[in-house]
Amino acid sequence: MAAVQDGQMELDAEKETKPEILSDGTSNLSGNTASGTLSSSPLTAAPAGGAPKMEDQQTLIAVLQFLKRNKLTDSVEILRREAGLGEDQEDSQATDGSGGGKGDVDGGDANSLLSRVSITSAAAPQSVIIFHSIIFFYSYRFGKVGGADDQPDVSVVLSAYSQQGDPSLYQVYYSGLKNFIESVLDCHRAELSQLFYPLFVHMYLELVYNNHENEAKAFFEKFSGDQECYYQDDLRVLCGLTKKEHLKGNEVLLDFRTSRFVLRISRDSYQLLKRHLQERHNNQIWNIIQEHLYIDIFDGMPRSKSQIDSMSGSLAGEGKREVNKAKVFHGLLKEPEIEVPLDDEDDEAENEEGKPKKKKTKKDSLGSKSKKQDPNAPQQNRIPLPELKDSDKLDKIMYMKESTKRIRLGPENLPSICFYTFLNAYQGLTAVDFTDDSSLLAGGFADSTVRVWSVTPKKLRKVKSAADLNMIDKESDDVLERIMDEKTASESKILYGHSGPVYGVSFSPDRNYLLSSSEDGTVRLWSLLTFTCLVGYKGHNYPVWDTQFSPFGYYFVSGGHDRVARLWATDHYQPLRIFAGHLADVTCTRFHPNSNYVATGSTDRTIRLWDVLNGNCVRIFTGHKGPIHSLAFSPNGKFLASGSTDGRVLLWDIGHGLMIGELKGHTDTIYSLKFSRDGEILASGSMDNTVRLWNSMKAFDEVETDDFTATTGHIHLPDNSQELLLGTYHSKSTPVTHLHFTRRNLLLAAGAYNSQ
Amino acid sequence: MAEERRQKLCSVILPTESMKAMAESVGVGSLQEDSCLALSEEVSYRIKEIAQDALKFMHHGKRRKLTTGDIDHALKLKNVEPLYGFQSQEFIPFRFASGGGRELHFYEEKEVDLSDIINTPLPRVPLDVSLKAHWLSIDGVQPAIPENPPPVPKEQQKTDSTEPLKAVKPGQEEEGSIQTKGQGASSAEVKGSSAKMVPLVMKPRSTHELSVEQQLYYKEITEACVGSCEAKRAVCVCNKCYLFLFQVRVNVVQNNLALLIYLMRMVKALMDNPTLYLEKYLHELIPAVVTCIVSKQLCLRPDVDNHWALRDFAARLMAQSCKTFSTTTNNIQSRITKTFTKALLDDKTQWTTRYGCIAGLAELGHDVIKTLIIPRLSVEGARIKAVMDGPVVSNIDKIGADHVQSLLLKHCASVVAKTRPLPDMVDQYKVDYGYLGTMLCSHVVKARAQAAFQAQTVNRTTLTITQPRPTLSVSQSGLSTSSGSRAPSIIKVPSSLTLMSTRPGTPTQPSPPATKYIVMATSAGAASTHIIESHTF
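It should be emphasised that the depicted structure is a prediction, and the values quoted were computed from it without experimental measurement. (Residues numbered from 1 in each chain as written. Chains lettered and ligands numbered in written order. Predicted model: local features only at pLDDT ≥ 70, side-chain atom pairs only at ≥ 80, totals over all residues. Heavy atoms only, no water.)

A count of helical and extended segments in chain A gives 27 helices and 31 strands. By the burial criterion, 58% of the 756 residues in chain A qualify as buried. When contacts within chain A are restricted to residue pairs at least 6 apart in sequence, long-range pairs at least 24 apart make up 63% of them. Accessible area for chain A stands at about 30200 Å²; split by element, carbon and sulfur atoms hold 52% of it. (Helix = DSSP H or I, 4+ residues; strand = E, 2+ residues; numbered from the N terminus. Buried < 20%, exposed > 50% of the residue type's maximum accessible area, 1.4 Å probe, protein only. Contact = heavy atoms within 4.5 Å. Areas by Shrake-Rupley, 256 points an atom, 1.4 Å probe, with all protein chains shown as cover.)

Encoded structure:
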């Protein structure tokens, strides 16, 4: 919850850009967002009434003080402007607040102030968390994290650990609980076992924070073996942390502290636990549960071990049930009706001069909506989309013609796979993308270059220089052909501009632009007419792991090491939305086919779905046991597939917010996922040099989404990976980096040959 | 196991000695023990932190190997200046040094003179990235083209070719089709069936019968081929291969040596013809050739006729076809090797067959001789000795043993001459190779002398020396690479031609339909069919 609000605050920070962005769309959107952000943000909730207002003000002032101390003047400015605080007010408050104290003289001032704030707002713990994340965000944003500046910040975050028990008793406490959980009835044991890992981590951190290094080591050694194997990576990080100094600036730790670990436990099991802890007067553990864990209690039968295991594994526990309750409009937008010429013969002739005609017919047909609207589809103008250009309409016609020749795939009718191997890439291929019509191929490389290939006989040509363009007769019919410079025709072009490995590339739907994201913290927009860089979008500051164009163009999304995903429009140099909430790097970003939602996968082993309209997180999917490296929406927009380093593909029902399938078979990271054009087949490509085809139709059909599972979120996953696997195709020594279905359902795969 | 690894990870901390050594290297003389400890803990933690970040870059770079570049990027994340000038190497040669009770591993960095670097010519520009497309799958089936991996994994092929007798690989032919459908199932199946397949090795020898239609057809074709009518011959060249097996078989039965030689020469001619794609007919040709190599009896009067020459020629032909057609997909060479070795190891094998096996193996090259024949020398020697010195059983046996002996000496001498260190002691040879040792020694000495003489001639005249066996010139080497679309099933036998009579319960292989069995009338052909049969192509 806090995280979401955090995101909105960041949005506020970018507020100045918002109105102009939205002005080209419907004005309704801007109003909507603005009010949404204002009302939900406690920071700017000015008219909230007496006491809370005072508290907020104090919090704010504390933040300002802190920022000032650390000479983050930019942030001070922004914050002050946003909150509408005058400078004098702040000063008076500051002296006021630290009344009994020493004023601005000694270094402990900010600290004392901060702790005071956290005490006063202890009644509303949420605001504390928000407050922490603000500081975190602001310091992060200006690149101060990791330096000495964040010291007070961390100590605040950690201050909750300062309450001390007897360090020697920690092992006793933990093993006491362990014995208890092992002795309870089987049906409760699995549920209560979920407590082990978060308790273990928090107790260990408490020991470390309070300088009981030896006890901490002993504690770790004794109990780390009991933890589920999928927490290994985190444990590895933890085991390195043995001193209080290490805790400073450690992101994993901050994640643990700032977000409560979420557990889902049935009411019966919870009562059992509560009674036990109260009988034993085991306050230490009870405190941790109260402060650091969020226990989501539900009524009904306790879940089984397999049910729990399928959902757990993420950095911060499962998603809360109410998080996935929001309505998601997962239906597709209505296709604009375009008259498709049925006879092929005169289509070729018509293409040139027939353009204006088609435009007219289209306008007519828009008025009479014959097709029924999908009840789950968002409104056509829910987010403003760019108008179709004539060339887009031609492309749509091409698309429709191609799709009539599409092969219907199924278990008996598997697609052919054409594999594009990059030779002599020296292990440097990091990203690949195909255009929708499969005519162009782009590769991002570790040597900072982006290369574009034409995979059809049509060569790549640049537009002529300005001087030459002047000479062209602009009235001629083939002006689009004439502006191209034949001399520059070649099969591939290289785009130079980045200063670090290129981790993501994406073509615009109209094939005029290419996006690339890189380690250097920028996203670049390239023109495929001039083969030059048009814009460098700065904002992430840290490596940008992935970027993707919206299916309708104009918008694009990017995600990176700074743990946020950003929504941009090509004509704005600042982001329109910042989706914050992930606890670790955002590794992959995908647009929903209706462009109203964005899915992001992260190293924190969760997948989140964000609403583009208001920036809210509408779904959190947990269940992966490793960082997520690939995502794919089904063509009908109802389902999402995700692949991770653990070699499993998970399938999700977006509407119900449920996991509906697990596909096991790969032995290494899955870097690419793609549904066939009709959604019958899911193709997955992996580091283990294989392409696998799965029967997604069957996987989706077999799901029983009755009301019970929908409300409780308890799922029974059928273990039928082997039945769903339709084919495995090994390449010689080429990891599969990208997969793409052509419009006729031919599968294209790409990867760099690895000679070892 | 995972747990152990984790435990180990916990305890990894740089030794305090390293801290001392590093402090000394930057001029800090005496470092307190406490500060060393504190430093090493801190440094270990930071290194771990950076390594964890660097892993992220490795994952996103879609690599399995961590490079120094990844570490540079991780340092950059922490606002630390990257360590410039380090490159990932395949192998970092750490050196070890000890002294004064301290042990040290270090990486030797040579001082490089800048002018040297500047003056060295630039290295070749590496090849540019290029894009190549191939079919990974066509309608769900993976085509057997060089771009795709062989249906049998490489490791298995390796064990197959190095240890041909280890086990008959069950369901090898079917592997390709199974592999595309459900990996797990097939591996389980293979495991299960390997136990069942063991009896296959011991299957009984049986005879087969030619149907009347086949005999008639054979007559027609033979007339066309061997007869004088040129037009007829041209027509039947196409379907000749189909009938090859018949011809050979019938002639083996009839013991018509002249015709067999004729047929073998025809095979040679077919192979030398670069315009023919013989890959599709290999399953017909190879059993025929193998029959000519190892058949028990090839002529009416084995004591007089020179059927040895036919065997030699066929063996050479076999070697040539192995060289030309053996690919990772059909695996001809290892299968042939396996067949020969199996027959060779059998105690009951006749001298004629034994001769054929050795000849066939020897033609496959020095490596094969070294690994498969030379270790058998003493055993074979003992066998020959038994025939030579023992009571005369039959003239035929004696002639056979004699031929085997000279064959072994001829082929092994050159190999031994190359591999064995110089002093050629007769006694030592006797110890190593048994009965044949003495003769082998003299042959080796001769071979060495000849080699030395040849080397001299080369030095003097700088003439190119001809190959030891000029008859084996490979004329079709281009074929195997250029043939793009070889169906994976080419080495399967159409069921009507399968020579199997009884195949004990093999779940992976459908039993051939019981229609047309080819049964040999005379018992003389039994051995040859056995070979063919155990070698189902």
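Turning to the nonpolar core, a few remarks are in order. Leu408 and Leu440 of chain B are the most contacted members of the largest nonpolar core, which totals 67 residues. Residue contributions to this core peak at 11 residues, all from helix 18 (residues 395–419) of chain B. When sequence neighbours within four positions are dropped, the list of residues in contact with Leu440 of chain B reads Leu377, Leu409, Cys412, Ala413, Val416, Tyr429 and Tyr433 of chain B. In terms of nonpolar packing, the next biggest core, distinct from the first, is built from 44 residues, Tyr170, Leu177, Val208 and Leu273 of chain A among them. (Core = buried A, V, L, I, M, F, W, Y, C linked by side-chain atoms within 4.5 Å.)

So, about the sheet that holds strand 10 (residues 502–507) of chain A. Consider a sheet: its strands pair through backbone hydrogen bonds, and that pairing is either parallel or antiparallel. Residues and elements named next belong to chain A. Spatial ordering of the open sheet is given by 10-11-12-13, a layout of 4 strands whose pairing is antiparallel. The open sheet has two edge strands with one neighbour each: strand 10 and strand 13 (532–538). Direction aside, the axes of adjacent strands within the sheet are offset by 20 degrees on average. Pairing geometry for strand 12 (residues 522–527) and strand 13, over 6 bridges, is antiparallel. Bridge pairing in strand 13 places Ser527 opposite Thr532. (Pairing = 2+ DSSP bridges. Axes fitted to C-alpha atoms, helices over the stretch in contact; angles between N-to-C directions.)

Residues and elements named next belong to chain A. When the UniProt feature table is mapped onto this chain numbering, "repeat: WD" (unreviewed entry) sits at residues 422–463, 495–528, 537–568, 579–620, 621–654 and 663–695. Across residues 537–568, helical content stands at 0% and strand content at 59%; the span's end C-alpha atoms are separated by 9 Å. Across residues 621–654 one finds 0% helix and 59% strand; the C-alpha atoms that close the span lie 9 Å apart. (UniProt positions renumbered as here; feature names shortened; annotations may be inferred.)

Residues and elements named next belong to chain A. Two elements in contact, helix 12 (residues 196–209) and helix 13 (residues 213–223), have axes separated by 8 Å at closest approach and are oriented at 160 degrees. The angle between helix 12 and helix 13 places the two elements in the roughly antiparallel class. For the element pair helix 12 and helix 13, the recorded crossing hand is left-handed. Residues Phe200, Met203, Tyr204, Leu207 and Val208 of helix 12 touch helix 13, and the partners they reach there are Glu215, Ala216, Phe219, Phe220 and Phe223. For the contact of helix 12 with helix 13, a count of residues per class yields 9 nonpolar, no polar and 1 charged. (Parallel < 35°, antiparallel > 145°, perpendicular 65-115°, else oblique. Left-handed = near helix turned anticlockwise from the far one by under 90°. Nonpolar A, V, L, I, M, F, W, Y, C, P; charged D, E, K, R; others polar.)

Let us look at the pattern of salt bridges. All names here are of chain A. Tallying each qualifying case throughout the model produces 40 salt bridges over all chains. With its nearest N and O atoms 3.5 Å apart, the salt bridge here joins Asp510 to Lys389. Taken together, the residues span a long stretch of sequence, with Asp510 in the loop between strand 10 and strand 11 (513–518) and Lys389 in the loop between helix 21 (355–367) and helix 22 (390–404) at a distance of 121 residues. Residue Arg461 is joined to Glu486 by a salt bridge in which the shortest nitrogen-to-oxygen separation is 2.6 Å. Residue Arg461 is located in strand 7 (residues 460–463), and its partner Glu486 is located in strand 8 (residues 484–490); the two are separated by 25 residues in the primary sequence. Using a relative accessible area of 12% as the deciding quantity, one classes Arg461 as buried. One network of salt bridges, in which partners are shared, links Asp395, Asp436, Asp437, Arg511, Arg677 and Arg743. (Salt bridge = Lys/Arg side-chain N within 4 Å of Asp/Glu carboxyl O.)

A few words on the sheet that holds strand 21 (residues 617–622) of chain A. Residue and element names in this part refer to chain A. Reading across the sheet, the 4 strands line up as 18-19-20-21 and stay open at both edges, with antiparallel pairing between neighbours. Of all strands in the sheet, those with a lone pairing partner are strand 18 (586–591) and strand 21, marking the two edges. On average, adjacent strands in this sheet sit at an angle of 20 degrees to one another, irrespective of strand direction. Strand direction decides the pairing type here: strand 18 and strand 19 (residues 597–602), joined by 5 bridges, are antiparallel. Within strand 19, the residue paired with Phe591 across the bridge is Val598.

A few words now on the pairing of strand 15 (residues 555–560) of chain A. All names here are of chain A. Taken across its 6 residues, strand 15 has 6 buried, putting it largely inside the fold. Of the two faces of strand 15, both are covered, the one formed by Tyr555, Val557 and Gly559 as well as the one formed by Phe556, Ser558 and Gly560. Pairing of strand 14 (residues 544–549) with strand 15 involves 5 bridges; the strand directions are antiparallel. The residue bridging Val544 from the neighbouring strand is Gly560, located in strand 15. Count of turn residues in the strand 14/strand 15 antiparallel hairpin: 5 residues, of which Gly553 carries a positive phi of about 80 degrees. Sheet topology note: the strand 15/strand 16 (residues 564–569) ladder contains 5 bridges and is antiparallel. Counted as the bridge partner of Val557 is Leu567 from strand 16. Linking two consecutive strands that pair antiparallel, namely strand 15 and strand 16, is a turn of 3 residues; a positive phi of about 70 degrees is found at Arg563 within it.

Turning our attention to the interface of chain B and chain A. Between chain B and chain A, the residue contacts involve 54 residues of the former and 67 residues of the latter. Together, the buried faces of chain B and chain A total about 5600 Å²; carbon and sulfur atoms form 53% of this surface. At the surface where chain B touches chain A, the tally comes to 4 salt bridges. At the boundary of chain B and chain A, one finds 17 residue pairs in polar contact (both at pLDDT 80 or more). Counting residues per element, the side of chain B that touches chain A draws most heavily on helix 3 (residues 33–60) of chain B, which supplies 11 residues. Of the strand pairs in this sheet, strand 3 (residues 417–423) of chain A and strand 3 (residues 130–137) of chain B are connected by 7 bridges, and their pairing is antiparallel. Looking at the pairing, Ile417 of chain A lines up with Ser137 of chain B of strand 3 of chain B. (Buried area = accessible area lost by both parts, 1.4 Å probe. Polar contact = N/O pair within 3.5 Å; in protein donor to acceptor, adjacent residues only side chain to side chain.)

Here the focus is the packing of helix 10 (residues 170–183) of chain A against helix 11 (residues 186–193) of chain A. All names here are of chain A. Helix 11 packs onto helix 10 with a crossing angle of 145 degrees between their chain directions and a minimal axis gap of 7 Å. Residues Phe180, Ile181 and Glu182 of helix 10 lie in contact with helix 11, whose contacting residues are Arg189, Leu192 and Ser193. The residue makeup of the contact of helix 10 with helix 11, split by class, is 3 nonpolar, 1 polar and 2 charged.

What follows concerns the packing of aromatic side chains. Residues and elements named next belong to chain A. Scanning all chains against the criterion turns up 29 aromatic pairs over all chains. With a centroid separation of 5.6 Å and an interplanar angle of 45 degrees, the aromatic rings of Phe200 and Phe220 are classed as tilted. Placement of the pair is Phe200 in helix 12 and Phe220 in helix 13, with a sequence separation of 20 residues. Here the two residues Phe200 and Phe220 agree in accessibility, since each one is buried. Considering the side-chain rings of Tyr420 and Phe434, the 5.8 Å spacing of their centres and the 55 degrees angle between planes classify their relative orientation as tilted. With Tyr420 in strand 3 and Phe434 in strand 4 (residues 429–434), this pair connects stretches of sequence that are 14 residues apart. Pair check on accessibility: Tyr420 and Phe434 agree, each one buried. (Phe/Tyr/Trp six-rings, centres within 6.5 Å; stacked < 30°, edge-to-face > 60°.)

Checked against the element boundaries, Asp668 of chain A lands in the loop between strand 25 (658–664) and strand 26 (670–675). At a separation of 3.1 Å, a polar atom in the side chain of Asp668 of chain A contacts the side chain of Arg64 of chain B. The contact partners of Asp668 of chain A, leaving out residues within four places of it in the chain, are Ser644, Thr645, Gly647, Ser686, Met687 and Asp688 of chain A together with Arg64 of chain B.

This part covers a nonpolar patch on the surface. Taken together, the side chains of Val112, Leu114, Ile117 and Ile118 of chain B present a nonpolar region at the surface, about 430 Å² in accessible area. With respect to the secondary-structure elements, Val112 of chain B resides in the loop between strand 2 (102–107) and helix 5 (114–119). (Patch = residues over 30% accessible without salt bridge, like charges linked within 9 Å, V, L, I, M, F, W, Y side chains within 5 Å.)

Residues and elements named next belong to chain A. Its 13 residues give helix 17 (residues 267–279) an end-to-end C-alpha distance of 18 Å, which sits within 8% of 18 Å, the value for a rise of 1.5 Å per residue. For helix 17, every residue scored as buried is listed here: Ser269, Tyr270, Leu273, His276 and Leu277. With its buried residues spanning 130 degrees around the axis, helix 17 presents them on a single face. As for helix 17, its buried residues are in contact with helix 10, helix 11, strand 1 (261–266), helix 18 (283–292) and strand 2 (293–298). His281 occupies a position one or two residues after helix 17 and carries a positive phi of about 50 degrees. (Expected span 1.5 Å × (residues − 1). Arc of directions from axis to C-beta.)

One non-glycine residue, Ser438 of chain A, adopts positive backbone phi at about 60 degrees. Within the element layout of this structure, Ser438 of chain A appears in the loop between strand 4 and strand 5 (440–445). Overall, Ser438 of chain A belongs to the buried group, its relative accessible area being 9%. Even without being a glycine, Lys62 of chain B presents a positive backbone phi close to 55 degrees. Its location among the elements puts Lys62 of chain B in the loop between helix 3 and helix 4 (68–77).

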